[in-house]
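# Close look at the chain arrangement
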Amino acid sequence: MEKNITLKNIFGNSMWQIGEKIITMIFSVFVTSIVARYLGTEDYGFVNYIISIVMLFTTFSTLGMEKITIKDIIEREESEERILGTSFYIRLIGGIVLIFISQITIYILDEKNMLAQLLGLIMGLCMIFRAYEVIEYYLQSQMKLKTISIIRFCSTFFVAILRILVVIFDWGIVGFTATYLFDAIIVAVLLKIWYKKRKKLKFKFSLEYAKRILSKCWYVAISGLMVTLYMRIDQVMLGSMLDNKTENGIYSAAVRIAEIWYFVPTAIISAFQPAIVMKKKYSEEQYEKSMQRLYDIVAIVGIAFGILITLFGDIAVQILYGEEYKGATSILKISVWAGLFATLGTARSVWLVNENLQKYSLIYTSIGCVTNIVLNYFLIPKIGARGAAIATLIAQFVTNVLALVPFKKTRKSSTMILKSIFLNQTVKDVFKTFRIRINNLFFREQGRG
């Protein structure tokens, strides 16, 4: 792994994911706009309302194990088949728990609505098949992002075709929701085929390792629950507090565009993590520089996209969704800036795991969750979907910048995030390099003259 810790290698790997996501984004945006127009604001809002309810409990399936599992594979403290096998069975059991909890929640919120129960069950089943994503953990640990990208592209391509067929044959919201399940199945099958062909190792369950990883990740799991709560609670509260689901449909359309760019920082974070883990072992100075560089790059991407959407968001909404969704413009221009703080928070999770400070994630996510719920409660009845967008923006800032400032051990992370936004060293380095090259070119031309 030591040979993989250069920036060149990091970006070589992340470019595979970024390239794949650019292609799949084009598919996704095109197909989503067709489906959103087909379903209309009411039905589109209803589907996203149910999806948001199920997503509230995804933590019971994933348990926040991803970064810890990747770290364990790299450090080789346990055999690969035991790490992946144990993680797989934990996620499988978690998926079953998710189905039961989400079904009960949907019944409480939408009593006797059998359609809501059916859609919730379909979405819940996705998490059963997503247990095979533990194979992605291995691929990420080995920086084999090319393989992940190919698998994800294949899945996106087939699902895009399915969603177009939903519209052509008028399969309605049940057909549309089922495409999420097909997506999970396709990815699971392709991951399993790759692993059996290349590794030929069987998953093994280890009770001892299960106890160890659960003891490490329960902070992350509960904080993950808090994260999904404050990321999804806005759509759940919009759907349950207002008489119809139209506002939720408009809000969902805006959020869909606002989150388009997330794949870029996510790919960069996935590529950086193995390198950061290795540098932590060999050089504290290089480790901190790499971590700051990660924050810097994520901030650059977030600010650039925020400016782009602020300037051209209204055009994007009109082209993609049409006149029925015109109310999404103002929501989009607020929501896109929440993404800046959300992705910086994702980058910080790498730092927390490496510093063994996962327990603090519970603190800041709980603060963010409470902030979002309280603000939604007061703002949604007054200004609807715009209130939900404002609540999320404030909650993301509080969670990912302010919440950990009071604690001495975590204050450094908030400082690094603020530096990435206001004193971005990477931007300075780029301009410095550019200026030096221009000066060299100028003096070279003078010498020739």
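Here, every reference points to the structure presented above.
Residues numbered from 1 in each chain as written. Predicted model: local features only at pLDDT ≥ 70, side-chain atom pairs only at ≥ 80, totals over all residues. Heavy atoms only, no water.

### Some details on the overall build of the protein chain
Helix and strand content of the protein chain: 17 helices and zero strands. A compact globule built from 449 residues would reach a C-alpha radius of gyration of about 22 Å, and the protein chain, at 22 Å, matches this within 12%. Taken over the C-alpha atoms alone, the protein chain extends approximately 75 × 60 × 45 Å along its principal axes. Each of the 449 residues in the protein chain was classed as buried or not, and the buried ones make up 53%. Taking all contacts inside the protein chain whose residues are at least 6 apart in sequence as the whole, residues at least 24 apart take part in 85%. When the accessible area of the protein chain is evaluated, it comes to approximately 20,500 Å², of which 65% is carbon and sulfur surface. Between the averaged position of the 51 positive side-chain charges in the protein chain and that of its 32 negative side-chain charges there is a distance of 8 Å. (Helix = DSSP H or I, 4+ residues; strand = E, 2+ residues; numbered from the N terminus. Rg over C-alpha atoms; globule rule 2.2 N^0.38 Å. Buried < 20%, exposed > 50% of the residue type's maximum accessible area, 1.4 Å probe, protein only. Contact = heavy atoms within 4.5 Å. Areas by Shrake-Rupley, 256 points an atom, 1.4 Å probe, with all protein chains shown as cover. Lys, Arg positive; Asp, Glu negative; His and termini not counted. Charge placed at Lys NZ, Arg CZ, Asp CG, Glu CD.)

### Side note on helix H13 (residues 328-354)
Given a rise of 1.5 Å per residue, 27 residues ought to cover 39 Å, and the 39 Å separating the end C-alpha atoms of H13 matches this to within 8%. Most of H13 sits out of view: 23 of its 27 residues are buried. Asn-356 sits one or two positions beyond H13 and adopts a positive phi of about 55°. (Expected span 1.5 Å × (residues − 1).)

### Considering the packing of aromatic side chains
Using the criterion set out here, one finds 19 aromatic pairs in the structure. Both rings, one in Phe-27 and one in Phe-153, keep their centres 6.2 Å apart while their planes meet at 55°; by these two values the pair is tilted. Remark: Phe-153 occurs in helix H7 (residues 145-168) and Phe-27 occurs in helix H1 (residues 7-55); sequence separation between them is 126 residues. Ring geometry for Tyr-44 versus Tyr-325: centroids 6.3 Å apart, planes at 80°, classification edge-to-face. Residue Tyr-44 is located in helix H1, and its partner Tyr-325 is located in the loop between helix H12 (284-321) and H13; the two are separated by 281 residues in the primary sequence. Three or more aromatic residues joined by ring pairs form one cluster here, namely Phe-88, Tyr-89, Tyr-132, Tyr-195, Phe-203 and Phe-205. For Lys-245, the ring lying beneath its charged end belongs to Tyr-49, and the centroid distance is 5.0 Å. Residue placement shows Arg-348 over the ring face of Tyr-364; its charged tip is 4.2 Å from the ring centre. (Phe/Tyr/Trp six-rings, centres within 6.5 Å; stacked < 30°, edge-to-face > 60°. Lys NZ or Arg CZ within 6 Å of the ring centre and 35° of its normal.)

### As for the layout of surface pockets
Estimated volume of the second largest pocket: approximately 200 Å³. Looking at which element gives the most residues to the lining of the second largest pocket, the answer is helix H8 (residues 172-198), with three residues. Within the lining of the second largest pocket, the residues separate by chemical class into six nonpolar, no polar and four charged. (1 Å grid on protein atoms, 1.4 Å probe; cavity = no way out; pocket = protein on both sides within 12 Å on 5 of 7 lines; lining within 4 Å. Points joined across faces, edges and corners; volume = space filled by probe spheres on them. Nonpolar A, V, L, I, M, F, W, Y, C, P; charged D, E, K, R; others polar.)

### Details of the environment of Thr-399
Within the fold, Thr-399 resides in helix H15 (residues 385-402). On the basis of relative accessible area, Thr-399 is assigned to the buried category, the value being 0%. Once the C-alpha coordinates of Thr-399 and Ile-367 are considered, the two residues, 32 residues apart in sequence, prove to be 6.5 Å apart. Not counting residues up to four positions away in its chain, the partners in contact with Thr-399 are Tyr-230, Arg-348, Tyr-364, Thr-365 and Gly-368.

### Section: the state of the cysteines
The full count for this structure, using the stated rule, is zero disulfides. Looking at Cys-126, it has no disulfide partner, and the nearest cysteine sulfur is the one in Cys-154, 19 Å off. According to the relative accessible area criterion, Cys-126 is buried, its value standing at 5%. (Disulfide = S-S within 2.5 Å.)

### Description of the nonpolar core
Core analysis: the biggest nonpolar cluster contains 94 residues, and Ile-50, Tyr-251, Ile-257, Met-291, Leu-294, Tyr-295 and Leu-344 have the highest contact counts within it. In terms of nonpolar packing, the next biggest core, distinct from the first, is built from 34 residues, Met-65, Ile-73, Tyr-195 and Ile-213 among them. (Core = buried A, V, L, I, M, F, W, Y, C linked by side-chain atoms within 4.5 Å.)

### Re the environment of Thr-426
Looking at the element boundaries, Thr-426 is found in helix H17 (residues 425-448). Judged by relative accessible area, Thr-426 falls into the buried class, the value being 9%. Linking Thr-426 and Arg-293, residues 133 residues apart in sequence, is a C-alpha distance of 6.6 Å. With residues up to four places along the chain from it excluded, the contact list for Thr-426 reads Arg-293, Asp-296 and Ile-300.

### Quick look at unusual backbone geometry
Within the chain, Asp-170 stands out as a residue other than glycine whose phi angle is a positive 55°. Mapped onto the elements, Asp-170 comes out in the loop between H7 and H8. One non-glycine residue, Asn-356, adopts positive backbone phi at about 55°. With respect to the secondary-structure elements, Asn-356 resides in the loop between H13 and helix H14 (359-383).

### Quick look at the packing of helix H5 (residues 114-129) against H8
Following both chains from N to C, one finds H5 and H8 inclined at 10°, their axes separated by 8 Å at the closest point. In terms of orientation, H5 lies roughly parallel with respect to H8. The segment H5 lies against H8, with Leu-115, Leu-118, Leu-119, Ile-122, Met-123, Leu-125, Cys-126 and Phe-129 engaging Ile-173, Val-174, Thr-177, Ala-178, Tyr-180, Leu-181, Ala-184, Ile-185 and Ala-188. (Axes fitted to C-alpha atoms, helices over the stretch in contact; angles between N-to-C directions. Parallel < 35°, antiparallel > 145°, perpendicular 65-115°, else oblique.)

### Description of the packing of helix H6 (residues 134-141) against H7
Two elements in contact, H6 and H7, have axes whose closest approach is 8 Å; the angle formed by their N-to-C orientations is 140°. Considering their axes alone, H6 and H7 lie oblique with respect to each other. Taking contact as the criterion, the partners of Glu-136, Leu-139 and Gln-140 in H6 are, on H7, Leu-145, Thr-147, Ile-148 and Arg-152. Residues that form the contact of H6 with H7 fall into these classes: three nonpolar, two polar and two charged.

### Details of the pattern of salt bridges
Taken as a whole and judged by the stated rule, the model has eight salt bridges. The partner of Arg-130 in a salt bridge is Glu-133, with the nearest N and O atoms 2.8 Å apart. Since its relative accessible area comes to 11%, Glu-133 is described here as buried. Residue Lys-326 pairs with Glu-323 through a salt bridge whose shortest N-O separation is 3.4 Å. (Salt bridge = Lys/Arg side-chain N within 4 Å of Asp/Glu carboxyl O.)

### What about a nonpolar patch on the surface?
Taken together, the side chains of Ile-307, Leu-308, Leu-311, Phe-312, Ile-315 and Ile-319 make up a nonpolar region of the molecular surface, amounting to roughly 590 Å² of accessible area. Its relative accessible area of 42% is what places Ile-307 among the partly exposed residues. (Patch = residues over 30% accessible without salt bridge, like charges linked within 9 Å, V, L, I, M, F, W, Y side chains within 5 Å.)

Nothing here speaks to function; it is geometry throughout.
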